[in-house]
Amino acid sequence: MTSPLSAKLPIAFLGLGKMGLAMATNLQRAGYPLVVWNRSAEKAEPLLAAGASVAETPAAAARSADIVISSLADDASFRAVVSGPDGLLSGLRPGAIHIGTSTVSPGLSDELAGLHAAAGGRYLAGPVVGRVPAAEAAQLVSFVGGDADAIETARAVITTYAPMMLVVGEGQSQASVAKLIANFLGASGMDLIGQSLAWAEKSGLPPELVPQMLSGFFGNPGTREYIAKIGERDFDKVGFTAAGGLKDVQLMIDAAHAVNLKLSSAEALRAKLDAAIALGWRDKDWSCFTDIDRG
């Protein structure tokens, strides 16, 4: 009878930074036989103590696995680990799957797909979303792009560390684009939070007020309604006009200037609302300014 452990596909994990170590630990806890590689071998010690083995090169790690997972810093480090006589591709088993969990350029994702196909393997772009605590708790989100059969083969492995697995299609670059959009939302949200807090502080508002407002805004049903409205370009059902929105945005800018603060996001909004009104959209819903970027 096949034991639960031997029924698991052997996994090679490359890159044991904080995120990589957390994901590899979750795979190990789930019973996957694990071989690991990292530039600094000492980072593998917790995994070795729990039964993993260590490889001296990415190629050696890949030779022992049906599925290879990498967690690397950037495009340059990814290329370095994949290529060359000691690189992952030189040791990849025929038909083996490599899952790249890093945030890299869409162009590199498609390039990697071609390199893996030429080497007889399959590449899945599977960048993850979440901070280290989410990785440690096995609560990451992963966008996955690549061959549909490979995705299904790897699904149980990916959901070990990312139970929310969102398949974007067969284009590897699409997964990278989705991850960059997620990061754009996060960075933009942080920028708005920072500008809102700076404005409140400079204006002397109670320090607890804006955090309450922010929590209410991001959890408000109205925010979800605008996601649908903008997605469907439903600008003729007007809740608030573009002309009214421009007036309010100008008031925001002026009020912030009065306390020596430049609201860069509000100034960008004013420019888009100006452009929308120049197109004759003065009386459309003010969310129409979002179509300036969409074209």
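Just so it is clear, the structure is predicted and the values come from calculations on it, not from any experiment.

Conventions used here
- Residues numbered from 1 in each chain as written.
- Predicted model: local features only at pLDDT ≥ 70, side-chain atom pairs only at ≥ 80, totals over all residues.
- Heavy atoms only, no water.
- Helix = DSSP H or I, 4+ residues; strand = E, 2+ residues; numbered from the N terminus.
- Rg over C-alpha atoms; globule rule 2.2 N^0.38 Å.
- Contact = heavy atoms within 4.5 Å.
- Core = buried A, V, L, I, M, F, W, Y, C linked by side-chain atoms within 4.5 Å.
- Buried < 20%, exposed > 50% of the residue type's maximum accessible area, 1.4 Å probe, protein only.
- 1 Å grid on protein atoms, 1.4 Å probe; cavity = no way out; pocket = protein on both sides within 12 Å on 5 of 7 lines; lining within 4 Å.
- Points joined across faces, edges and corners; volume = space filled by probe spheres on them.
- Nonpolar A, V, L, I, M, F, W, Y, C, P; charged D, E, K, R; others polar.
- Axes fitted to C-alpha atoms, helices over the stretch in contact; angles between N-to-C directions.
- Left-handed = near helix turned anticlockwise from the far one by under 90°.
- Expected span 1.5 Å × (residues − 1).
- Salt bridge = Lys/Arg side-chain N within 4 Å of Asp/Glu carboxyl O.
- pLDDT = per-residue confidence, 0-100.
- Phe/Tyr/Trp six-rings, centres within 6.5 Å; stacked < 30°, edge-to-face > 60°.

Let's shift gears to the overall build of the protein chain. Per the secondary structure count, the protein chain includes 14 helices and nine strands. Over its C-alpha atoms the protein chain spans a radius of gyration of 24 Å, topping by over 25% the 19 Å that the globule rule assigns to 295 residues. Seen through its principal axes, the protein chain has C-alpha atoms that stretch 70 × 40 × 40 Å. Across the protein chain, contacts joining residues at least 24 apart in sequence account for 64% of those joining residues at least 6 apart.

On to the nonpolar core, then. Phe13, Ile69, Ile99 and Tyr161 are the most contacted members of the largest nonpolar core, which has 31 residues in total. For Ile99, the residues in contact, after removing those within four places along its chain, are Ile67, Val68, Ile69, Ser70, Leu124, Gly126, Ala154, Ile158 and Tyr161. In terms of nonpolar packing, the next biggest core, distinct from the first, is built from 25 residues, Ala12, Ala62, Val82 and Tyr123 among them.

Below, the discussion takes up the layout of surface pockets. Reported here for the largest pocket is a volume of approximately 2000 Å³. For the largest pocket, the lining is made up of 36 residues, of which Leu192, Phe217, Phe218, Leu269 and Phe289 are closest to its centre. Residues belonging to the lining of the largest pocket are distributed by class as follows: 22 nonpolar, eleven polar and three charged. Forming the walls of the second largest pocket are 15 residues, and the residues nearest its centre are Gly15, Leu16, Gly17, Asn38 and Ser71. The element contributing the most residues to the lining of the second largest pocket is helix α1 (residues 18–29), with three residues. Here the residues of the lining of the second largest pocket sort into five nonpolar, seven polar and three charged.

This part is about the packing of helix α9 (residues 172–203) against helix α10 (residues 209–218). For the pair α9 and α10, the least separation of the axes is 10 Å and the interaxial angle reads 150 degrees. In this structure, the crossing between α9 and α10 has a hand that is right-handed. When α9 is examined against α10, the residues Ile193, Ser196, Leu197 and Ala200 are found in contact with a partner set consisting of Val210, Pro211, Leu214 and Phe218. Split into classes, the residues belonging to the contact of α9 with α10 amount to seven nonpolar, one polar and no charged.

Let's shift gears to helix α13 (residues 264–278). In this model, α13 (15 residues) spans 21 Å end to end at C-alpha, consistent with the 21 Å of a helix rising 1.5 Å per residue. Every buried residue of α13 is accounted for by Ala266, Glu267, Leu273 and Ala276. Tucked inside the fold, the buried residues of α13 contact α12 (242–257) and α14 (291–294). Note on α13: the residue one or two positions beyond its end, Gly280, has a positive phi of about 90 degrees.

With the rule as written, the count across this model stands at ten salt bridges. Notably, a salt bridge pairs Asp248 with Lys247, separated by 2.6 Å at the nearest N-O pair. Close ionic contact of Lys262 with Glu267 constitutes a salt bridge, the shortest N to O distance being 4.0 Å. Salt bridges linked by common partners bring Arg233, Asp291 and Arg294 together as one network.

Another point: the confidence of the model for the protein chain. As a note on interpretation, predicted positions should not be read in detail where pLDDT is low. On average, residues of the protein chain carry a pLDDT of 93, and 98% of them reach 70 or more. Segment residues 1–6: pLDDT under 50, and three contacts once partners within four positions in sequence are set aside and those in other chains are kept.

What follows deals with the packing of aromatic side chains. Geometry of an aromatic ring pair is reported as the spacing of the ring centres plus the angle between the planes. Under the definition given, this model contains three aromatic pairs. Ring plane angle 75 degrees and centroid distance 5.1 Å describe the contact between Phe217 and Phe218, whose orientation is recorded as edge-to-face. By relative accessible area, Phe217 is classed as partly exposed at 47%. The class of Phe218 is partly exposed, set by a relative accessible area of 47%. Consider the rings of Phe240 and Trp286, whose centres lie 5.5 Å apart with planes at 80 degrees: the pair is edge-to-face. With Phe240 in the loop between α11 (221–231) and α12 and Trp286 in the loop between α13 and α14, the pair connects residues that are 46 residues apart, well separated along the chain.

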